[in-house]
Amino acid sequence: MQLYNTLSNEEREKLIDQAGVNRLTLSFYAYAHIDNPQQFRDELFVRWSELDVLGRIYVAKEGINAQLSLPAHNMSAFKDFLDTYTFMKDIRLNIAVEHDNKSFLKLKIKVRDKIVADGLNDNTFDVTNIGIHLKAQDFNNMMDDPDTIVIDMRNHYESEIGHFDGAITPDVTTFRESLPIINEQLKDYKESKKLLMYCTGGIRCEKASAYFKHQGFKNVYQLEGGIIEYTRQIKSEGLKSRFIGKNFVFDNRLGERITDDVIAHCHQCGEPCDTHTNCANEGCHLLFIQCSKCAQKMHNCCSDACKNIVTLPQEQRKILRKGIKNDTMIFRKGKAKHLLPKNE
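What you see is a predicted model; the values in this text were computed from it and never measured.

## Digging into the sheet that holds strand β10 (residues 220-223)
Point 1. As summarised here, the arrangement of the 4 strands in space is β6-β10-β9-β7, forming an open sheet in which the pairing is parallel. The two strands at the open ends of the sheet, each matched to only one other strand, are β6 (132-134) and β7 (148-152). Averaged over all pairs of adjacent strands, the angle between their axes in this sheet comes to 30°, without regard to strand direction.
Point 2. Relative to β10, β6 is paired through 3 bridges, and the arrangement is parallel.

Structure below.
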């Protein structure tokens, strides 16, 4: 039985276009005890392939973390399948703010040690002792409390294009980096302040809130469902969005518009811009912010060196990038010397 992808991105794009159906982009997570992650992974792959699910999913003994897309008409069957697993029955699905039929082009389900790379030893503290979940209105109200400190638990390239007004935005590239930094930075406020956290869909705050409570913080709160659910609630309830700009997402969209505010700038010319892109040089693939003028001028590349490479014949480009692994650069803003630092 086939349990892996065989189609290229180009072939998948063509099939999506030919199908002519609307696809929904969504995410969800669940912490649970899974005895056999590999078996669970294979079960998901078989059924989700039948439902034409595409996406990036991580499973581990501690649970599942999923970002995916599927045909809208398969949503009911998808939910029914999730309900066959006790720990995913009636699970909250974070439906994307903006949809794109090509947000994902392959179904990738990987078995990992953890569903989020947090660098923590879960045996040293109670991971179930999490913070208090807040809905959008309560989150907004608590932001106005002078004894509240708002913390963005995402990475710097995420918060650069959008964040809650007044939030602390750690200058980190990975989630695991932020935990000790925040703990040290706020060590004098463990009893006197309310720690109010948020992330994209809520999963990072689940572990972070338990960690901070273990570190002695007395008043720990987190945004239920993250920015995605917050946006849904403020729209349905007619609330004011305290989040400004775009919400970075880890799929081909690279972002979804929450408000009209553009708070970032092009990393090449400095003009207001919040459009992320990956360098067109396959041997680089660096994530950075680029305006339309620079994209045209630089051939969608991050540097003159990369621009020169993409103009070469395909076979020569393959030779140049042979042996180069660019997967660790994907979704990372390199802060390279040839790019403008943020907020300058």
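## Description of the packing of aromatic side chains
Point 1. Throughout the structure, instances matching the rule amount to 19 aromatic pairs.
Point 2. Both rings, one in Trp-48 and one in Phe-78, keep their centres 5.3 Å apart while their planes meet at 40°; by these two values the pair is tilted. Of this pair, Trp-48 sits in helix α2 (residues 37-50) while Phe-78 sits in helix α3 (residues 75-82), and the two are 30 residues apart along the sequence.
Point 3. Note on Trp-48: relative accessible area 0%, which makes it buried.

## Digging into the packing of helix α6 (residues 175-185) against helix α7 (residues 203-214)
The description of two helices packed together rests on the angle between their axes and the distance between the axes.
Point 1. Packing of α6 against α7 leaves a shortest axis separation of 11 Å and a crossing angle of 30°. One element, α6, and the other, α7, form an angle in the roughly parallel class. Both α6 and α7 take part in a crossing whose hand is right-handed. Only Arg-204, Ala-208, Tyr-211 and Phe-212 of α7 make contact with α6, whose side of the interface consists of Phe-175, Leu-179, Pro-180, Ile-182 and Asn-183.
Point 2. Considering only residue class, the contact of α6 with α7 consists of 7 nonpolar, 1 polar and 1 charged.

## Observations concerning helix α4 (residues 136-143)
Point 1. Within α4, the full set of buried residues consists of Ala-136, Phe-139, Asn-140, Met-142 and Met-143. Buried residues in α4, looked at end-on, bunch into an arc of 165°, giving them a common side.
Point 2. Close packing links the buried residues of α4 with β6, β7, β8 (162-164), β9 (194-198), β10 and α8 (226-237).

## Notes on unusual backbone geometry
Point 1. Positive phi outside glycine occurs at Leu-254, with the angle close to 65°.
Point 2. By the element assignment, Leu-254 lies in the loop between β11 (243-247) and β12 (256-257).
Point 3. A positive phi angle, close to 55°, is found at His-299, a residue other than glycine.
Point 4. Within the fold, His-299 resides in the loop between α9 (292-297) and α10 (304-310).

## Here we look at the pairing of strand β2 (residues 54-60)
Point 1. Within β2, 6 of the 7 residues are buried, which leaves it mostly tucked inside the rest of the structure.
Point 2. With 7 bridges joining them, β2 and strand β3 (residues 63-71) adopt antiparallel strand pairing. Within β3, the residue paired with Gly-55 across the bridge is Leu-68.
Point 3. The hairpin formed by β2 and β3 contains 2 residues between the paired strands.
Point 4. Note that β2 and strand β5 (residues 107-111) share 5 bridges and pair parallel.

## Quick look at the pattern of salt bridges
Proximity of charged atoms lets side chains of opposite charge pair with each other.
Point 1. The tally for this structure, following the rule as stated, stands at 23 salt bridges.
Point 2. Among the salt bridges present, the one from Asp-118 reaches Lys-114, with a minimum N-O distance of 2.6 Å.
Point 3. Among the salt bridges present, the one from Asp-274 reaches Arg-257, with a minimum N-O distance of 2.9 Å. Here Asp-274, found in the loop between β12 and β13 (276-278), pairs with Arg-257, found in strand β12; they are 17 residues apart in sequence, far enough to count as distant.
Point 4. For Asp-274, a relative accessible area of 4% corresponds to the buried category.
Point 5. With relative accessibility at 25%, the residue Arg-257 sits in the partly exposed group.
Point 6. Among the ionic contacts, a cluster of salt bridges with common partners joins Glu-62, Lys-114, Asp-118, Asp-122 and Lys-207.

Definitions and limits used
- Residues numbered from 1 in each chain as written.
- Predicted model: local features only at pLDDT ≥ 70, side-chain atom pairs only at ≥ 80, totals over all residues.
- Heavy atoms only, no water.
- Pairing = 2+ DSSP bridges.
- Helix = DSSP H or I, 4+ residues; strand = E, 2+ residues; numbered from the N terminus.
- Axes fitted to C-alpha atoms, helices over the stretch in contact; angles between N-to-C directions.
- Phe/Tyr/Trp six-rings, centres within 6.5 Å; stacked < 30°, edge-to-face > 60°.
- Buried < 20%, exposed > 50% of the residue type's maximum accessible area, 1.4 Å probe, protein only.
- Parallel < 35°, antiparallel > 145°, perpendicular 65-115°, else oblique.
- Left-handed = near helix turned anticlockwise from the far one by under 90°.
- Contact = heavy atoms within 4.5 Å.
- Nonpolar A, V, L, I, M, F, W, Y, C, P; charged D, E, K, R; others polar.
- Arc of directions from axis to C-beta.
- Salt bridge = Lys/Arg side-chain N within 4 Å of Asp/Glu carboxyl O.

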